[in-house]
Structure formats: C-alpha cells, structure tokens
Amino acid sequence: QVQLVESGGGLVQPGTSLRLSCAASGFTFTRYAVTWYRQAPGKERELVARITSTGGSTNYADSVKGRFTISRDNAKNTVYLQMNSLKPEDTAVYYCNAYRGGLTPVDYWGKGTLVTVSS
C-alpha cells in the first residue's frame, strides 16, 4: 500500500523553527523526486521546496529561500523540511508529493500537516 505520511506540524511562535517529515512506504522511494507544497486558507497550493531523487539538487520558493532546507534520507525513505525563522505567512497545510517522470509519470500525495505560526 502506497503511503506518504507527513508529520511535525504544530503551533509555533514567529521566529522559531519546525522540522517536517514525510515518510514514504509501498513504492521505490529512491526513484522519486519529492516536493513540499503548502496551502494557506483561501489561497492556492504553492510549491515550497523540491529535491531530486538522489538529493543532489534542490530548489525553493523565493519566499522561503534562506529559511527552509529540504533534505532526504533514502535509507529511511524520508524527506525533511527544516523551517527556521518562521513567519505568520508560513501558516498553511504542508503537503508532501513524490513524483517520478518518464513514459508513465506517477505521483503520490500525503494528506498534509498543519503549521500555524502565531504569537
């Protein structure tokens, strides 16, 4: 059974940090690029950070560059999103997506984890 399970969300104060995890099972995780997306209330889902299957390349939304870091541990089938210097505008549900391209592209989604940044 394919699963992507996000964890690590919560309520935090501005300026603090959180680390989100995305744990994969049921598919060959090491062949998939992984992207963190987020969706704030009343807004469209947006890309936050992406990492290639090997972890050799990453990219970030301008709004999080220098504050967020995406990484992966393929031995643990897990991708992380380290979020520092959190701002109220980072409040959103954060989703993990695993994508494999090719002749038959495949992608999987997690159910999301809520991050609330508020004083």
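(A) Region of interest: the packing of aromatic side chains. If you walk through the whole model with that rule in mind, you get five aromatic pairs. Summarising the aromatic geometry, the rings of Phe27 and Tyr32 are spaced 4.9 Å apart at their centres and angled 70° between planes, so their arrangement reads as edge-to-face. Taking relative accessible area as the criterion, Phe27 reaches 13% and is therefore assigned buried. Aromatic side chains Tyr37 and Trp109 sit 5.1 Å apart centroid to centroid with 45° between the ring planes, which places their arrangement in the tilted category. On the criterion of sequence distance, the pair formed by Tyr37 in strand S4 (residues 33-39) and Trp109 in strand S10 (residues 106-109) is long-range, its members being 72 residues apart. What makes Tyr37 buried here is its relative accessible area of 17%. Overall, Trp109 belongs to the partly exposed group, its relative accessible area being 38%. Feature note: the residues Phe27, Phe29, Tyr32 and Tyr108 constitute an aromatic cluster, connected by ring pairs. Positioned above the aromatic ring of Tyr95 is the side chain of Arg45, whose terminal nitrogen or guanidinium carbon lies 4.0 Å from the ring centre.

(B) Up close: the sheet that holds strand S3 (residues 18-25). Reading across the sheet, the four strands line up as S1-S3-S8-S7 and stay open at both edges, with antiparallel pairing between neighbours. Of all strands in the sheet, those bounded by a partner on one side alone are strand S1 (3-7) and strand S7 (68-73). Neighbour-to-neighbour, the strand axes of this sheet turn through a mean angle of 15°, independent of strand direction. Looking at chain direction, S3 and strand S8 (residues 78-83) are connected through six bridges and run antiparallel.

(C) Representation of the pairing of S7. Side chains Phe68, Ile70 and Arg72 of S7 all project onto a buried face; the interleaved residues Thr69, Ser71 and Asp73 project onto a face where none is buried. Pairing geometry for S7 and S8, over six bridges, is antiparallel. By the bridge assignment, Ser71 is partnered in S8 with Tyr80. Once S7 ends, the chain turns through four residues before running back antiparallel as S8, passing Asn77 with a positive phi of about 55°.

(D) Focus on the pattern of salt bridges. As enumerated under the stated definition, the model contains four salt bridges in all. Arg38 is the partner of Asp90 in a salt bridge, and the nearest nitrogen-oxygen pair spans 2.9 Å. Here the residue Asp90 occupies a position in the loop between S8 and strand S9 (92-100), and Arg38 occupies one in strand S4, the gap between them amounting to 52 residues. Between Asp90 and Arg67 there is a salt bridge; the shortest N-O distance is 2.8 Å.

(E) Structural view of the environment of Gln13. Along the chain, Gln13 turns up in the loop between strand S2 (10-12) and S3. Dropping the residues within four chain positions of it, Gln13 is found in contact with Val117 and Ser118.

(F) Summary view of the nonpolar core. Judged by nonpolar contacts, the single largest core of 30 residues is most densely connected at Trp36, Val48, Phe68, Val79, Leu81, Met83 and Tyr94. Contributions of two or more residues to this core are made by S3, S4, strand S5 (46-51), S7, S8, S9 and strand S11 (113-117).

(G) Looking closely at the side chain of Thr35. Mapped onto the elements of the fold, Thr35 is located in strand S4. Once residues within four sequence positions are removed from consideration, Thr35 is found in contact with Leu47, Ala49, Arg50, Tyr95, Cys96 and Asn97.

Analysis parameters
Residues numbered from 1 in each chain as written. Predicted model: local features only at pLDDT ≥ 70, side-chain atom pairs only at ≥ 80, totals over all residues. Heavy atoms only, no water. Phe/Tyr/Trp six-rings, centres within 6.5 Å; stacked < 30°, edge-to-face > 60°. Buried < 20%, exposed > 50% of the residue type's maximum accessible area, 1.4 Å probe, protein only. Helix = DSSP H or I, 4+ residues; strand = E, 2+ residues; numbered from the N terminus. Lys NZ or Arg CZ within 6 Å of the ring centre and 35° of its normal. Pairing = 2+ DSSP bridges. Axes fitted to C-alpha atoms, helices over the stretch in contact; angles between N-to-C directions. Salt bridge = Lys/Arg side-chain N within 4 Å of Asp/Glu carboxyl O. Contact = heavy atoms within 4.5 Å. Core = buried A, V, L, I, M, F, W, Y, C linked by side-chain atoms within 4.5 Å.

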